[in-house]
Every structure is written in C-alpha cells, then in structure tokens.
Amino acid sequence: DTAVSQTPKYLVTQMGNDKSIKCEQNLGHDTMYWYKQDSKKFLKIMFSYNNKELIINETVPNRFSPKSPDKAHLNLHINSLELGDSAVYFCASSQVGIGELFFGEGSRLTVL
Amino acid sequence: AQKITQTQPGMFVQEKEAVTLDCTYDTSDPSYGLFWYKQPSSGEMIFLIYQGSYDQQNATEGRYSLNFQKARKSANLVISASQLGDSAMYFCAMRVDTGFQKLVFGTGTRLLVSP
C-alpha cells in the first residue's frame, strides 16, 4: 500500500491548457504539501495544508490553485499553463513533531 | 532567513570507500531539525537520516551518519562503504518552525560511485 500516491505520474500538454494533479496519503498525517522541483533539481515548497486549511502559500502565481477536500487528499490545479511550469511536482505529508516529509513519486509536467 | 547550503554540486567516490557530503545551515531559531534525503535517477525522494538541534549524539542509520557540528552550523552526511546503488542526488534539508512547519532544501549534491 503506497503511503503517499499522486496521479498522474506524467503529463504532457500544450501551453494555455489547464491540468490537475491529485494526491492522497494513508498515513493519517495532518499536514500535506506541494513542492516543485525544477530542471536544476531545486526543490521549493509551494503550498501546505493542515487539516484542510491552507497554511503556507509561498508566493505562487494564482494560476496554481490547491484544494484539500479532506486531510488525506490534496489536489493541485494549474490554469493557463506556461513553459516555465514544466517541472516535477511532489506531494508530501508530515506529522507535527520531527516533521519528516513522506513524498509521493512525483508528477512530471511537460508544457510544450 | 533560514537557509541550507550545499557547496558540492558533484562528488565522486570509489566503491567501498567512505564519502562526506557537506551541508551548512543558517537559522536563528534554537529549535530546528536537519534531514538528508536521497533521490536516485528513478526520481523518488527517500528519507535517510534526521538530527534534532537538541540531540546530543550524532545520528546514525546503518551506513549513514550525520556529522553534526552545531557551533559551525554544519550537518554533513557520511556514507561509509559506498555501494554502486548509492549513486544519486542527495539533499540536505532543514525544518523551519515559523508558526507552521516546512522543510527548506539545499541545492543537492550528485554522488557518483564508481566500481
């Protein structure tokens, strides 16, 4: 049973389209995150939700809209995709305390 | 501002030798945590080891140990007896507690283990 699963694993789309990535965790964690890994492998936090409430929004363009229907799910919707959005998007979850992140496998988005 | 610095973009080591990957951090918070993650070419992020700022002893997990030098603000990862499967990107990260927890990552070090 995968602890943090995200779908799809790969997305290839044209500029201007809209796409969504879904994430689910079965670890019972209260906090979920979206991280973006760019082509230079740099990992940067985008959003964090705690018990369905948005708690961190790291100045991400508002074309990116996260949604957490419950504390086990965190989705990411991206409007009007741009070339610069091409990256690997990682979902992760953690529990307050040590704060170790449990990552999903990543979703590689390619915008043409 | 909290920051993690990894100054080695790439490192080479021969199989069975030990290697040290450098990590320095900057924070004014007395309570923080330091992590190392491994990212093989398949892309997943694998947690390796954790060190809390109040931990007296250096963390160890199998062949991984964390050389924690608080005064120097460094948290180097030592991999003993390198194996070919250790070839990967390695990320140092720091837990930041500014009301809400998040991990801030360094730029990573690519380790190549040769036979």
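Look up a bit, the structure's there.
Thresholds, definitions, all that
- Residues numbered from 1 in each chain as written.
- Chains lettered and ligands numbered in written order.
- Predicted model: local features only at pLDDT ≥ 70, side-chain atom pairs only at ≥ 80, totals over all residues.
- Heavy atoms only, no water.
- Helix = DSSP H or I, 4+ residues; strand = E, 2+ residues; numbered from the N terminus.
- Rg over C-alpha atoms; globule rule 2.2 N^0.38 Å.
- Contact = heavy atoms within 4.5 Å.
- Areas by Shrake-Rupley, 256 points an atom, 1.4 Å probe, with all protein chains shown as cover.
- Lys, Arg positive; Asp, Glu negative; His and termini not counted.
- Charge placed at Lys NZ, Arg CZ, Asp CG, Glu CD.
- Core = buried A, V, L, I, M, F, W, Y, C linked by side-chain atoms within 4.5 Å.
- Buried < 20%, exposed > 50% of the residue type's maximum accessible area, 1.4 Å probe, protein only.
- Pairing = 2+ DSSP bridges.
- Axes fitted to C-alpha atoms, helices over the stretch in contact; angles between N-to-C directions.
- Disulfide = S-S within 2.5 Å.

> Which residues make up the overall build of chain A, and what values do they have?
On a plain count of helices and strands, chain A comes out with zero helices and 11 strands. Overall, chain A shows an N-to-C arrangement of helices and strands of β-β-β-β-β-β-β-β-β-β-β. Its C-alpha radius of gyration of 13 Å places chain A within 12% of the 13 Å reference for a compact globule of 112 residues. A fraction of 53% describes how many contacts in chain A between residues 6 or more apart in sequence connect residues 24 or more apart. Only carbon and sulfur atoms are counted for the fraction: they give 50% of the accessible area of chain A, which is about 5,500 Å². Chain A carries 12 positive and 12 negative side-chain charges, and their two centres are separated by 6 Å.

> Describe the nonpolar core, naming the residues involved and giving the relevant values.
Residues Tyr25, Leu34, Trp36, Ile49, Leu77 and Tyr90 of chain B are the most contacted members of the largest nonpolar core, which totals 25 residues. Of all elements in the fold, only β3 (19-21), β5 (33-39), β6 (46-52), β8 (64-69), β9 (74-79), β10 (88-98) and β12 (109-114) of chain B reach the threshold of two or more residues within this core. Top element by residues in this core is β10 of chain B. It accounts for five residues. Discounting chain neighbours no more than four positions away, the residues touching Tyr90 of chain B are Gln6, Leu21, Trp36, Tyr37, Lys38, Leu48, Leu77, Ile79, Gly108, Thr109 and Leu111 of chain B. If you look at the next biggest cluster of nonpolar residues, it comprises 20 residues, including Tyr49, Tyr89, Leu109 and Val111 of chain A.

> I'd like a rundown of the side chain of Ser53 of chain B, residues and numbers included.
With respect to the element layout, Ser53 of chain B can be found in the loop between β6 and β7 (60-61). In contact with Ser53 of chain B, not counting residues within four places along its chain, are Pro30, Ser31, Tyr32, Phe68 and Lys70 of chain B.

> Give me the lowdown on the sheet that holds strand β1 (residues 4-7) of chain A, citing residues and values where you can.
Through backbone hydrogen bonds, the strands of a sheet pair up, either in parallel or in antiparallel fashion. All names here are of chain A. Spatially, β1-β3-β8-β7 is the arrangement adopted by the four strands of the open sheet, whose pairing is antiparallel. Since the sheet does not close on itself, it has two edges, and those belong to β1 and β7 (64-70), each with one partner. Going from strand to strand, the sheet's axes swing by 15 degrees on average, the running direction of each strand aside. Of the pairings in the sheet, the one linking strand β3 (residues 19-25) to strand β8 (residues 73-78) comprises four bridges and is antiparallel in character.

> Which residues make up the state of the cysteines, and what are the values?
Residues and elements named next belong to chain B. Per the counting criterion, the structure on display carries two disulfides over all chains. Shown here is the disulfide that connects Cys23 with Cys92, its sulfur atoms set 2.0 Å apart. Between Cys23 and Cys92, the S-S dihedral sits near -65 degrees, and the bridge is therefore left-handed. Of this pair, Cys23 sits in the loop between β3 and β4 (24-26) while Cys92 sits in strand β10, placing them 69 residues apart in sequence.

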